[in-house]
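# Survey of secondary and tertiary structure
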Amino acid sequence: MGASTQWWVWVGVAVMLVFGGASIWAAVTATDPAVAWIFGGGAAFCIGMAFLGAYVFGRHSTMFIEDGNLVARTPFSVRRLALAEVDRLEVRLRRTSGLAYRELVVVDQAGVSRADILADDFSDANIAHFAKAAGLRFKVN
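Only a predicted model underlies this, so the values are computations on that prediction, with no experimental measurement involved.

Another point: the overall build of the chain. Counting secondary structure elements, the chain contains three helices and seven strands. Along the chain direction, N to C, the helices and strands of the chain fall in the order α-α-β-β-β-β-β-β-α-β. By residue count, 30% of the 141 residues in the chain fall in the buried class. Taking the intrachain contacts of the chain between residues at least 6 apart in sequence as the baseline, contacts between residues at least 24 apart amount to 44%.

Another aspect to go through is the pattern of salt bridges. For the structure on display, the rule yields five salt bridges. In this structure, Arg-88 engages Asp-87 in a salt bridge whose closest nitrogen and oxygen atoms are separated by 3.1 Å. Residues Arg-88 and Asp-87 agree in their burial class; the two are buried. Across the pair Glu-90 and Arg-88 runs a salt bridge, and its minimum N-O distance is 2.6 Å. Take Glu-90 and Arg-88: they sit in the same class, and that class is buried. Connected through shared salt-bridge partners, Asp-87, Arg-88, Glu-90, Arg-92 and Arg-137 make up one network.

Moving on: the nonpolar core. Residues Met-63, Leu-70, Leu-89, Leu-104 and Val-106 are the most contacted members of the largest nonpolar core, which totals 17 residues. Listed by contribution, the elements that provide at least two residues to this core are β2 (69–74), β4 (86–96), β5 (99–108), β6 (113–118) and α3 (124–134). Those residues in contact with Val-106 that sit more than four places away from it in its chain are Leu-70, Leu-81, Val-86, Arg-88, Leu-89, Val-112, Ser-113, Arg-114 and Ala-115.

It is worth spelling out the sheet that holds β2 at this point. Sheet architecture is open: three strands sit in the order β1-β2-β3, paired in antiparallel fashion. Of all the strands in the sheet, just β1 (62–66) and β3 (77–82) have a single pairing partner and so form its edges. When the angles between neighbouring strand axes are averaged without regard to direction, this sheet yields 20 degrees. The sheet contact formed by β1 and β2 spans five bridges and is antiparallel. The residue bridging Ile-65 from the neighbouring strand is Leu-70, located in β2.

Checked against the element boundaries, Gly-53 lands in helix α2 (residues 33–58). Among the residues examined, Gly-53 registers a relative accessible area of 17% and is labelled buried. Distance in space between the C-alpha atoms of Gly-53 and Met-16 is 9.4 Å, their sequence separation being 37 residues.

With respect to the element layout, Ala-30 can be found in the loop between α1 (7–29) and α2. For Ala-30, a relative accessible area of 24% corresponds to the partly exposed category. Excluding its chain neighbours within four sequence positions, the residues that come into contact with Ala-30 are Val-35 and Ala-36.

What follows covers a nonpolar patch on the surface. A contiguous nonpolar patch, built from Val-11, Val-15 and Phe-19 and spanning about 260 Å² of accessible area, is present on the exposed surface. Mapped onto the fold, Val-11 is located in helix α1. Since its relative accessible area comes to 42%, Val-11 is described here as partly exposed.

Rules and cut-offs
Here the residue index of a chain counts from 1 through its sequence in written order. Local features are withheld for residues below a pLDDT of 70 in this predicted model, meaning they are given only at 70 or higher, and side-chain atom pairs are given and counted only at 80 or more; totals for whole chains, interfaces and linings count all residues. Remark: hydrogens and water are excluded; side-chain values derive from all non-hydrogen atoms of the structure. Only DSSP runs of H or I covering at least 4 residues are called helices, and only runs of E covering at least 2 are called strands; the numbering of each starts at the N terminus. Burial classes: relative accessible area under 20% of the type maximum marks a residue as buried, over 50% as exposed, and values in between as partly exposed (1.4 Å probe, protein chains only). The contact criterion used is simple: two residues touch if any of their non-hydrogen atoms lie within 4.5 Å. Any Lys or Arg side-chain nitrogen found within 4 Å of a carboxyl oxygen on Asp or Glu counts as a salt bridge. Nonpolar cores are built from buried Ala, Val, Leu, Ile, Met, Phe, Trp, Tyr and Cys residues. Side-chain atoms within 4.5 Å join them into one set. Strand pairing is assigned whenever DSSP detects at least two bridges linking the two strands. Fitted lines through C-alpha atoms serve as axes, helices being fitted only where they are in contact, and the angles separating the N-to-C directions of these axes extend from 0 to 180 degrees. Here a patch means residues that are over 30% exposed by relative accessible area and free of salt bridges, tied together within 9 Å if like-charged and within 5 Å if nonpolar (Val, Leu, Ile, Met, Phe, Trp, Tyr). The protein chains shown are the only cover counted for residues, whose accessible areas, like all others here, come from Shrake-Rupley with a 1.4 Å probe.

As structure tokens, this is what we get:
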């Protein structure tokens, strides 16, 4: 189960990188230091926004069953849990600094949360379908 990245995200990243490259070229070829500084800042802004956009819109989290293990892959980690140890999947609403986000928690047989995954990439219906197919319980808090 995973969310696919839309093609328009990559088009936006490419456009921002092109604008960043054009700003770098303008900064390097400028004869006036003030103009070079302005275009250099523009290049940094365009390239920074391209990478930020690629992360925000291009992040890709997946969950799947492989060799009797529940595998949860996020942009920065891969977690493997034996399917026999997993009791249920829960979606919890969390708040950090006033920002709300959904979190997918994998709970083991003892009731201990074993993995926390950003759930905004998945709908509750997709998680419920995956849990049913894997023989797990599903709970929304």
